[in-house]
Amino acid sequence: DRFLYDTLGLDYQKYYSNGVALFMFKKVQDIENNAGSHSVYAIYYYAYNTYEQLSLQEEVINDAIDAFSGTDYDKIYAAHEYLRSRSSYNDNGSYMVQTAYGALVNKEAVCEGYAKAYKLLLNAMGIECDVVINAEHAWNVVQLEGKWYLVDVTNDDTNNGLMYFLLGADVLMGDNVTARYFGYID
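My aim in this report is to walk through the structure given alongside it, one point at a time. (Residues numbered from 1 in each chain as written. Predicted model: local features only at pLDDT ≥ 70, side-chain atom pairs only at ≥ 80, totals over all residues. Heavy atoms only, no water.)

**Thoughts on the packing of helix H4 (residues 72–86) against helix H6 (residues 111–124)**
The following threshold applies: All axes here are fitted lines through C-alpha atoms, helices being fitted over the stretch that makes contact, and every angle between N-to-C directions spans 0 to 180 degrees. Each helix is a run of H or I in the DSSP string that is no shorter than four residues. Each strand is a run of E no shorter than two, and both are numbered from the N terminus. Here a crossing is called left-handed whenever its near helix is offset anticlockwise from the far helix by less than a right angle, and right-handed whenever the offset is clockwise. In this description, contact between two residues means that some pair of their heavy atoms is separated by no more than 4.5 Å. Just so you know the grouping, Ala, Val, Leu, Ile, Met, Phe, Trp, Tyr, Cys and Pro go in nonpolar, Asp, Glu, Lys and Arg go in charged, and all remaining residues, Gly too, go in polar.
Packing of H4 against H6 leaves a shortest axis separation of 10 Å and a crossing angle of 140°. Our pair here, H4 against H6, has a crossing hand that is right-handed. Taking contact as the criterion, the partners of Lys-75, Ile-76, Ala-79, His-80, Tyr-82 and Leu-83 in H4 are, on H6, Tyr-114, Ala-117, Tyr-118, Leu-121 and Leu-122. The residue makeup of the contact of H4 with H6, split by class, is nine nonpolar, one polar and one charged.

Here you go:
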C-alpha cells in the first residue's frame, strides 16, 4: 500500500486514518493515440468505513474544530482534551475500536483509534501530525514551531492526566522507563 500511495502522490497516513487501503494496482491496457502511447491502470481499494460513516466522521471533525481557536499549541491541546472527554478506552474486540470512527462517533477506541482520530483533527486544522505504531501501541507525533513532539492521547486518557502530552527528545532519549515500555524510542 505505502508504495502505491507514494507512487500516486497520495497522503498515505490520511487514507490509513480514514480506513481506506489500496490493495491492487493493475495494468489494464496500453493505448496509442494522437497524444502518444499510454498505459491504463485500475486501482482497487478497500474501505473499512462506509461512505456514510466517513461523512458522519467528517461532520464530527468539522463541528469539533469549529470550537477550537488560538495558537497551534491551543489547538493541539484542545483536540487532545476533546478526545479525552469524548472517547473511552474499550478493547471490545471489534474492528471499529481501531478506527477514528470508533473514537469520534462511537466514542470507544483503543490506542490506534485514538491516534487516527487525533491525526484527523489536527490535520483538519492544518497542523502536521502522524500516527506511529509498533507491535504494542499507537500514538502520534505532532509538529509545533518546527519541532516534533510525541503525544499519546490514549495513555493520557486512561491515566487521567497530561503525562504524555508534547514529549520532546529530552524526555524520550533520557533513561525513561515509560519511553522504553511503550517503545516510543524505537
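From this point, things continue past the structure.
**Thoughts on the environment of Leu-166**
In this structure, Leu-166 sits in the loop between helix H7 (153–158) and helix H8 (169–172). The spatial distance from the C-alpha of Leu-166 to the C-alpha of Tyr-149 is 5.0 Å, given a sequence separation of 17 residues. When near neighbours in sequence (up to four residues on either side) are disregarded, Leu-166 contacts Tyr-73, Ile-76, Leu-144, Tyr-149, Leu-150 and Val-151.

**As for the side chain of His-137**
What counts, and what does not: Under this definition, polar contacts are N or O atom pairs within 3.5 Å; protein pairs additionally need one hydrogen-donor-capable and one acceptor-capable atom, and for neighbouring residues in sequence, both atoms have to be side-chain atoms.
With respect to the helices, strands and loops of the structure, His-137 is situated in the loop between strand E5 (129–133) and strand E6 (138–144). At 3.4 Å, the side chain of His-137 and the side chain of Asn-155 are in polar contact.

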